[in-house]
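Fold and contact review
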Amino acid sequence: MDFITENLLTILVLLPVFGALALLGHQMFWKQEAQLKWVTLLFTIVNFLISLFLLADKGAASASGFFFEKNIPWIKAINTNYHVGVDGLSLWLVILTTFIMPIAVISTWHAVEKRATAFYIFLLLLESAMIGVFVSLDLLVFYLFFEASLIPMFFLIGIWGGENRIYAAVKFFIFTALGSLLMLAAIISLYYLHAEATGVGTFDFVTLLNTLKLGNLVFSTTAGALLFFAFALAFSIKVPLFPFHTWLPDAHTEAPTAGSVILAAVLLKMGTYGIMRFCFTLFPDQSREFAPLFIILAIIGIIYGALVAMVQPDVKRLVAYSSVAHMGFVILGMFSFTEWGMQGAVYQMLNHGVSTGALFLLVGFIYERRHTRQISDFGGLANVMPIYATIFVITAMSSVGLPFLNGFVGEFLIMLGMWKSTVLSTVSTNWNYVATMLAGTGVIFAAVYLLWMIQRVFFGKVTNDKNRSLKDLSYREIGLIAPLVFLMVFMGVYPRPFLDATEKAVVEIQKRVMHRAGGEVVKTEEEH
């Protein structure tokens, strides 16, 4: 047990890799593809169970504020370490990743027939990379995991995707890779700037942060802005923030169901996590200076994503555009720089992973039966698939933000935080009020596009004879979606365990970003 506790994060990162190697060996020596899904499912379930140790008594945090920290030399020539750890910001994101993976595997049970070995290997390697992103505390190691997550998803879309899978996969790769290269240039620049200031170059996030806090490393106005935008652009593309969102609808639409679920539930959160972890802490002055820009882009994304979703003829593409709007809410809460808004943003990351992941699962269920996602091909499905219709409506209401479901808590905290924010306040006008009201229209539009889609797909008479013989959800499918529905209700009724766990880390980041170089603290309305 002590071994597991001391090496918990390393085990979580490496266990999926061992699973991928096991699949490769299994295929080489036994060549029985029917067992591959069971082996993959076993490794993902075990990894999820191990990740629950993160919720156990963690004891006292290290001096840097992280738990389960491991810091050992890796490449001494460039002073880079294998440095991992978790805090309240990354804790639930790691657990969300390990929780979603078994669901993603089971969703492919009857859907993947060709090249099954490669498919499940890519799934496991993707899990390893995503966990690595959330636990890395060395910028070079973080970058390697960040890029490593791109490769398996590229192949999952490009090989097992839909008709336009090659176009979607290449577009996804180009967008995210270009942003990441700018971030790599910024990481290398930080290494040399630290070496110039202290005599020792480092990629270690904690060391860099401490040096900045002590004032031993100070960025010029131009250098600080360039470094901030290099990081912020890479993360904004991953979110994706308007206008860098165009890769997302294509990737979601063409990806297999498991790929869409993972993309929505976890991969997009790597962008918002990166902004909070690195942009806000390493570049607090620049984060404050350019916050109005990000708030404006977030509001545009919220309204634009909702309006475009409203006119989509394809259910999956509609859900994809809803992600643009929902992630806009996350960015809005983060850049409010209030505890309520930032707590709501972290909570909404989890909510979006649960609700939108469930929506993509449900779209996958109907696609397996009808091999179409066009809204016009359905109608009256509630008459022949009542269980499916009930679960779909509950999930849609969660996405809309209905009270007592998870989406309400996150969006309410974000709008409350934005209302109390002083980021957009001027001498004559409190523009934060305007921003909050504009963002609120996104909630109304979300109700419009989801309820209108539900009306056309589920209610009325069965208009297509091909739908009359459709079978309702199987026990496997009900068991697959049930944990997500449970979380929608639980997180909506009792959010305290999640918010308590993230509070300390969020407050520390808020204090850091609102602390000027000269020692002055910029107060929000919460503190007035």
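Up top you'll find the structure we're talking about.
As the structure is a computational prediction, the values presented were derived from the model and not from experiment. (Residues numbered from 1 in each chain as written. Predicted model: local features only at pLDDT ≥ 70, side-chain atom pairs only at ≥ 80, totals over all residues. Heavy atoms only, no water.)

1. Points about the overall build of the chain
Secondary structure summary: the chain contains 23 helices and two strands in total. A compact globule built from 528 residues should have a C-alpha radius of gyration of about 24 Å, and the chain, at 23 Å, falls within 12% of that. The principal-axis extents of the C-alpha atoms in the chain amount to approximately 70 × 65 × 45 Å. Across the 528 residues that make up the chain, the buried fraction comes to 60%. The contacts of the chain with a sequence gap of at least 6 include a subset with a gap of at least 24, amounting to 79%. Counting only carbon and sulfur atoms, one obtains 67% of the accessible surface of the chain, whose full area is about 20400 Å². (Helix = DSSP H or I, 4+ residues; strand = E, 2+ residues; numbered from the N terminus. Rg over C-alpha atoms; globule rule 2.2 N^0.38 Å. Buried < 20%, exposed > 50% of the residue type's maximum accessible area, 1.4 Å probe, protein only. Contact = heavy atoms within 4.5 Å. Areas by Shrake-Rupley, 256 points an atom, 1.4 Å probe, with all protein chains shown as cover.)

2. Quick look at helix 8 (residues 165-198)
Compared with an ideal rise of 1.5 Å per residue, which puts 34 residues at 50 Å, helix 8 spans 49 Å between its outermost C-alpha atoms and is within 8% of the ideal. Gly199 sits one or two residues past helix 8 and shows a positive phi near 90°. (Expected span 1.5 Å × (residues − 1).)

3. Focus on the nonpolar core
Leu54, Phe231, Phe280, Met334, Phe335 and Leu484 are the most contacted members of the largest nonpolar core, which totals 195 residues. If one sorts the elements of this core by residue count, helix 17 (residues 339-370) sits on top with 15 residues. The contacts of Leu484, once residues within four sequence positions are left out, are Phe99, Ile100, Ile103, Val354, Ala358 and Leu361. (Core = buried A, V, L, I, M, F, W, Y, C linked by side-chain atoms within 4.5 Å.)

4. Here we look at the pairing of strand 1 (residues 67-75)
When strand 1 meets strand 2 (residues 80-86), the two strands line up antiparallel, connected through six bridges. The partner of Phe67 across the bridge, within strand 2, is Val86. Following strand 1, the chain reverses through four residues before pairing antiparallel with strand 2; Asn79 in that reversal takes a positive phi of roughly 55°. (Pairing = 2+ DSSP bridges.)

5. Some words on the packing of aromatic side chains
Summed over the entire model, instances satisfying the criterion amount to 40 aromatic pairs. Taking 4.9 Å as the distance between ring centres and 90° as the angle between the ring planes, the aromatic pair formed by Trp38 and Trp109 counts as edge-to-face. Note that Trp38 is positioned in helix 3 (residues 36-51) and Trp109 in the loop between helix 4 (88-107) and helix 5 (116-135), a separation of 71 residues in sequence. Residue Trp38 is classed as exposed on the basis of its relative accessible area, which comes to 54%. On the basis of relative accessible area, Trp109 is assigned to the buried category, the value being 12%. Site record: aromatic cluster; members linked through ring pairs are Phe142, Phe146, Phe205, Phe219, Phe231, Phe235, Phe278 and Phe283. Over the aromatic face of Tyr367 sits the side chain of Arg373, whose NZ or CZ is 4.9 Å from the ring centroid. Geometry around Trp452 places Arg456 over its ring, the cationic atom sitting 3.8 Å from the centre. (Phe/Tyr/Trp six-rings, centres within 6.5 Å; stacked < 30°, edge-to-face > 60°. Lys NZ or Arg CZ within 6 Å of the ring centre and 35° of its normal.)

6. Concerning the pairing of strand 2
Most of strand 2 is tucked away, with seven of its seven residues classed as buried. Alternating positions in strand 2 separate into two faces, Thr80, Tyr82, Val84 and Val86 on one and Asn81, His83 and Gly85 on the other, with burial throughout.

7. Examining a nonpolar patch on the surface
Taken together, Ile166, Val170, Phe173, Ile174, Leu178 and Leu181 make up a surface patch of nonpolar side chains, about 540 Å² in accessible area. Note that Ile166 resides in helix 8. Overall, the relative accessible area of 54% leaves Ile166 in the exposed class. (Patch = residues over 30% accessible without salt bridge, like charges linked within 9 Å, V, L, I, M, F, W, Y side chains within 5 Å. Salt bridge = Lys/Arg side-chain N within 4 Å of Asp/Glu carboxyl O.)

8. Focus: the pattern of salt bridges
Tallying each qualifying case throughout the model produces nine salt bridges. Arg369 is the salt-bridge partner of Glu477, the closest N and O atoms lying 2.7 Å from each other. Separated by 108 residues along the polypeptide, Glu477 in helix 22 (residues 475-493) and Arg369 in helix 17 bring together distant segments of the chain. Given a relative accessible area of 3%, Glu477 falls into the buried group. For Arg369, a relative accessible area of 23% translates into the label partly exposed. Glu477 is the salt-bridge partner of Arg476, the closest N and O atoms lying 3.9 Å from each other.

9. Observations regarding the side chain of Thr395
Of note, Thr395 is situated in helix 19 (residues 386-400). Under the relative-accessibility criterion, Thr395 is labelled buried at 0%. Apart from the residues within four sequence positions on either side, Thr395 is in contact with Ser355, Ala358, Leu359, Leu362 and Met488.

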